[in-house]
Each structure stands twice: as C-alpha cells, then as structure tokens.
Amino acid sequence: MAQPDALFQAVLETTSDAVMVTDRAGIIQRVNPAFEKLTGHSKSQLEGMNAADLFREYNDDEFCSGLWAGKERQHFDSVRSQHADGRAQLHSLTLTPVAHDGDEPSQYVALILSETFQSDAASGTTRKVGHDPLTGLPDRSLLADRVGQNILTAKRTNKSIAMLVMGLDRFTVINDGLGYAAGDLLLKELGDRLSKIVRQSDTAARLDGDKFAVMTPISAIDDSVIVAEKVLNGVKKPFHLKGEDIFATLSVGLSIYPTDGQDFDELLKGSLSAMQFAKQAGGDQYRFFASDMNAKAKNRLELEKRMRAALANNEFVLFYQPKVNPQTNKVKGGEALIRWKDPQRGMISPGDFIPVAEETGLIVDIGTWALRESCRQTKEWQDKGYDPIRMSVNVSAHQFRAKDMVDKVVAALNDTGLAPQYLELEITESMLMNDIDAAIARMQKVRDLGCGLSIDDFGTGYSSLSYLGRFPITTLKIDRAFVRDVQENQNTAEIARAIIGLSRGLNLEVVAEGAELMEHIDFLRDNGCDVIQGFYYSKPLPAADFEKMLKRAA
Ligand code: C2E
Ligand code: MG
Ligand code: MG
C-alpha cells in the first residue's frame, strides 16, 4: 500500500485541477502537472517565479499584491490569468494560507479550477458559470468580462472594438402564436447560427430574452459593417419549428469602442439605443449609435454596389506611367495604374476606391482584370514592334494572400502570350509581415515563374531590414516621401542615399517614384539610382498616349 504521502503525491500528479504551493511572498515552490498545463509554463519556469506575475496582465496591482497578503482563505469565482502564449483565461482561484509557526502564514496553497461549474438552485441543474443555459453561449457577465479584456488589449494596440446587440423583430408574435417552447427553440437555433458566424477572436453572447450580442475587435469601421451584414443574412434561412418554416429578422445596433463608450456598460447602452432605431425604422437592418456612421456605412455600401457594376460595365481603365533610365532617358518599363471612369462622376483615382475594394474582397476581381489587361497591352506593344518593356502591376494584400494568386499570374501570362520576364509585381512591406515564411514561399513561386518582384513604397512600412535579405525580390522602390524633400531635408536625402546603397549591396534594382523636379533627377542619378518614375518624365498616361512615347523612343 502506498504511504499516505506517496498517495497524496499521486493524487496531485493526476488530478486535472491545478495546484501550486508558494512561500509567504508568493514565490512558487511546487506545482503539479495540471498547473503546468493550465499556465503553459513548465515546472522549471514556474518554480521560483512570483505567482502574482501570472495575474498581472489582466488585474490591477491592488488585486495582485492582495493575493499573498491575506491571513484567511480567499476564493474568487472568476479570475483572469495570462497563459504563456499571451491569451487570458478565466478560472476560479482558491488561496489557502498555511501557518506552521505563530499566526503568520508561511506558505500558501492555491487551487485553480479552470472550468467553473455552479448549481442552479431553481432548476436543480449544474451549468458552466458565465454561460446561458438555453443556448450555451456566454452570458452577459462573461461578455462584460471579455469586453473588458478586449478593451485593455485595444488600448495597447490602438485598435477598436465593435459591440453589436441584436433582437428578433416581432418575437412576441412568434412566442404568442407558437408557444414558449417553440420560442425557446428559435432562440437556441439563433444562438447556434450566431456562434457559427463569429470568428475565434469574437464573442457571441445571449443578453436576455431575445437579445443577443456580438463583440468583435476591428481595425476599421467597415469590419463591423461586414459582421452586421453577416448577422442579418444569418437569419435569412427559415427556422424549422414544430413542422413549420418560420421567417425571422433581426434589428442590430452597433457601438464602437473608443468613440461611443469607454467601458462595457456605455457600449451596451449605445448598442441598445441604436437597436431601437433599427427597430423603429422597420427592422431587418443595422444602425450605428453614432449617426454619422450610418451615412458612412451607406456610402460604403453604395460604393461597393457601384464598383460591382463598374466591373461588369468595363468602367475600369489602366493608365501607364513610364519608368525611365536617367542615364539614357530611355523608357525601361511602365507601371499600370488603375482608374475608374464613372459615367456620372468622371475619373476616380484608386485611392478613393481601392481601400473599399480591398475590404469587400472585390479587389480580387478588379486585380485579376488589371493583371490580365496589363499583360495583354504590354504584349500588344511588343507585337507592334516597340522595344520590349517590363510592366509593373500593383498587387494588393488580399490578392497576394489568395491561394490561387500564382495560378492567376500563370493564366494571365499564358492567355496573353507575354513572357514572364516582362511582368513585375509590386507588393508592399506591410503585406509580408504577418506570416513571413508563407509570404516568402509565395514570393519564391512568383520568382520561379520568371517574373520580377518589387517592394513598393519602401521605407514607409514596418520594414525589418533583417528580413529584407530573405525576401526573394528583384527591385526596391523608394517611396516618394523620400524623393520629395531631398532638396530641403538633409536627413531625407541621407535616407534616400542609404536605400540606394542598400539595394546595390543586395544586388537589387532600385527605382525611385515621385520625382517631379530636375533636382530630384540629378540627385537620384548622381547617387546611383537605376530607374526613375515621376511627373518630371510623365504623369500616368492612357494607353494611346503611352504608346506615342514608345513610338518617339523607337
Ligand atoms: P503606387 O503603386 O505607389 O503608385 C504610385 C502613385 O504615385 C500613383 O498614384 C502615381 O500616379 C503617383 N505618382 C507617380 N509619380 C508621381 C509624382 O511625381 N508625384 C506625385 N505626387 N505622385 C506621383 P495613383 O495612380 O493615384 O495610385 C495610387 C495607388 O493606388 C498606387 O500607389 C497603388 O498602391 C494603388 N493602385 C493603383 N492601381 C492599382 C491596381 O491596379 N491594383 C491595386 N491593387 N492597387 C493599385
Ligand atoms: Mg506601385
Ligand atoms: Mg508606390
């Protein structure tokens, strides 16, 4: 038979509850395997560590220092600690002081239960704390907690959070007509649909009655519109209740942290009042708390619709801007720059529609068109007998990440007959930084085709020079911000010089964009820049005018 100590040890080794023993100052002395698992830290990392450090990220100093000051047993139902991978986790914590000598605690034993259950006296059932028993979704208190955590993160990263609150339109009619049991079924099914719509980083919750909420971290207001539209569409499919198809719609109210509120309560209030406006306007729609947002969201929707039509009606055109060798003044290549010829509004520049196209995913179709059209045009000029030039095409982040990006390049080349060395793709640094290895693999595929690859707007993104050497690129394009002030600003001139030197060291072609003045050309040429693009030589031109330039050079 095992000795009592050994038996006790075995229990600690096998239990799924996390246990640690600390000294009186909170320095960890012992942990069990469940504790390693819960925190993500190994035993050797944990032992000797200040246990309060596990809680610091998500709790205030007062709470942390109070933990190891108590003489009584302390219990917390829901405490947040930080996992080794950075994420917050919610659990209960019981901290028991152990006194060997006198009445000062000499050690503490902490027990952590990662999933807390609570019995519901009324129904006699046991449920996960923080979850709504009907739908299994997080309840209002857990949502409040998650919103609080996300606000902390958002503060640090300067991001925003959208809080959507939604209620079923005419729910009482359904409840009265079909009975409460059917109403409950509807709510359960709605909860399921909501949890499928939201992403990992979002929280879908049930507030009360027919009111649900979704909290989602966003980087632009448009992200919240996308979620709202998904939610509205999510209920478009009928609900099967008691053998009948029930059609339901939602009213959605949105508020945004930090503009509409600083904490959960303020955001909730804002979303609820916005939801009322959506209901008053007839339901089956969303409304922002801030009224100017509604106008913006409407504009964005309209722009998206018009862009779709523009693609179908061939309203997009490509302009071409020459890239010139400053030693010989010969046109070496061009950059294809998209324009939208809107029959009503005239020429729209890419800065006004590319960002929305990017967010809605429309950029994929627009970009595919631009890629193919620039290949076609470049080949046509070759066939007409002009000296072959290399054409650069801008590729957006969305396009670059698409699985079939390389296939589309291959198709554009094959279908138009353009040889790959006459095509160069321009990408920006910020597109590469998320998942460097995947980005490098993709870049390599483009290079394997035989196409050029250029980093556009170099110097403005979060470039890390240590990565630059690993990128299989052919060209660096100095952003026009560095070219613009080379005359006035000595520091800018030094940066431009350094980028040119860097490119040479890495054996890359270097292109300067935005050269407008003779002085820019002189500076760039004298400092060894191979290729220059800018208004000094020419603005982006319609294809026919660009062809005239080629003709003159021939
Ligand atoms: P970009 O790729 O950096 O393109 C260079 C921009 O600088 C162009 O603006 C061009 O007209 C402008 N530019 C050229 N020389 C000068 C100069 O000397 N002075 C000044 N002030 N500006 C000059 P544009 O055509 O308005 O395009 C803006 C951005 O839109 C492009 O920046 C590119 O990021 C994006 N874009 C354009 N066409 C496409 C496209 O087909 N697909 C994608 N994804 N993005 C595109
Ligand atoms: Mg470009
Ligand atoms: Mg650029």
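Here's a quick rundown of the structure. (Residues numbered from 1 in each chain as written. Chains lettered and ligands numbered in written order. Predicted model: local features only at pLDDT ≥ 70, side-chain atom pairs only at ≥ 80, totals over all residues. Heavy atoms only, no water.)

## Considering the sheet that holds strand E8 (residues 160–168)
Rule in force here: Between any two strands, at least two bridges found by DSSP are needed for them to pair. A run of H or I in DSSP becomes a helix once it reaches four residues, and a run of E becomes a strand once it reaches two; helices and strands are each numbered from the N terminus. Axes here mean lines fitted to C-alpha atoms, for a helix over just the part in contact, with angles spanning 0 to 180 degrees between N-to-C directions. Contacts between residues were defined by any pair of non-hydrogen atoms, one from each residue, lying within 4.5 Å.
Pairing within the open sheet is mixed, and its 5 strands lie in the order E9-E10-E8-E13-E14. Each end of this open sheet is capped by a strand with a single partner; those strands are strand E9 (203–208) and strand E14 (285–288). Mean inter-strand twist for the sheet, computed between neighbouring axes without regard to direction, equals 25°. Pairing geometry for E8 and strand E13 (residues 250–257), over 8 bridges, is antiparallel. From the neighbouring strand, Leu168 faces E13, where its bridge partner is Leu250. Helix-sheet contacts for helix H5 (residues 140–157) involve E8, E9, strand E10 (211–218) and E13, and the interaxial angle to E9 is about 140°.

## Considerations on unusual backbone geometry
Applicable threshold: Think of it in three bands: residues with accessible area under 20% of the maximum for their type are buried, residues over 50% are exposed, and the middle band is partly exposed, with areas taken using a 1.4 Å probe on protein chains only.
Here the bond from Tyr257 into Pro258 is cis, since omega is 5°, no more than 30 degrees from zero. One non-glycine residue with positive phi stands out, namely Asp284, at about 55°. At Asn507, a position not held by glycine, the phi torsion is positive, near 65°. Position of Asn507 relative to the elements: it lies in the loop between helix H18 (490–505) and strand E22 (509–513). A residue is classified by how much of its surface remains accessible, and Asn507, at 71% relative accessible area, is exposed.

## As for the environment of Gly40
With respect to the helices and strands, the residue Gly40 is situated in the loop between helix H2 (33–39) and helix H3 (43–46). Among the residues examined, Gly40 registers a relative accessible area of 38% and is labelled partly exposed. Each C-alpha atom of the pair Gly40 and Ser503 lies 43 Å from the other, and the pair is 463 residues apart in sequence. Excluding residues within four positions of it along the chain, Gly40 makes contact with His83 and Ala84.

## Quick word on the environment of Arg300
Mapped onto the elements of the fold, Arg300 is located in helix H10 (residues 291–312). Exposure remark for Arg300: the relative accessible area of 5% places this residue in the buried category. Arg300 sits 237 residues away from Phe63 along the chain, and the two C-alpha atoms are 45 Å apart. Dropping the residues within four chain positions of it, Arg300 is found in contact with Asp222, Val225, Ile226, Glu229, Val356 and Thr360.

## Considerations on the coordination of the magnesium ion (ligand 2)
Worth spelling out the cut-off: Nitrogen, oxygen and sulfur within 2.8 Å of a metal are treated as its donors, or within 3.2 Å for sodium, potassium and calcium (Na, K, Ca); water is not counted, so a site can appear incomplete.
Coordination of the magnesium ion (ligand 2) by the protein involves Glu335 (OE), Asn394 (OD1), Glu426 (OE) and Asp456 (OD), with metal-donor separations of 2.0 to 2.2 Å. Here the donor residues of the magnesium ion (ligand 2) are spaced in sequence according to E-x58-N-x31-E-x29-D. In this structure, the magnesium ion (ligand 2) is positioned 4.1 Å from the magnesium ion (ligand 3), and both are ligated by Asp456. Residue Glu426 is found in strand E19 (residues 423–428), and its partner Asp456 is found in strand E20 (residues 452–458); the two are separated by 30 residues along the sequence. Here Glu426 matches Asp456 in class, with each residue buried.

## Observations concerning the site of ligand 1
This is how the line gets drawn: One heavy atom within 4 Å of a molecule or strand makes the whole residue count as near it. Polar contact is the term for a pair of N or O atoms within 3.5 Å; when the atoms are in protein, one must be able to donate a hydrogen and the other to accept it, and sequence-neighboring residues count only if both atoms are side-chain atoms. All accessible areas in this document rest on Shrake-Rupley with a 1.4 Å probe, and a residue is counted as covered only by the protein chains that are shown.
Near ligand 1 lie 23 residues; those nearest to it are Asn394, Asp456, Arg480, Glu516 and Phe535. Between an oxygen atom of ligand 1 and a side-chain N or O atom of Glu335, the distance comes to 3.0 Å. Between ligand 1 and Glu516, the relevant distance is 2.5 Å, taken from a nitrogen atom to a side-chain nitrogen or oxygen of the residue. Coverage of ligand 1 by the protein amounts to 83% of the 800 Å² it exposes when considered alone. Among the elements of the structure, strand E16 (330–342), helix H12 (363–383) and E20 are those that each provide at least two residues to the shell around ligand 1.

By themselves, these figures tell us nothing about what the structure is for.
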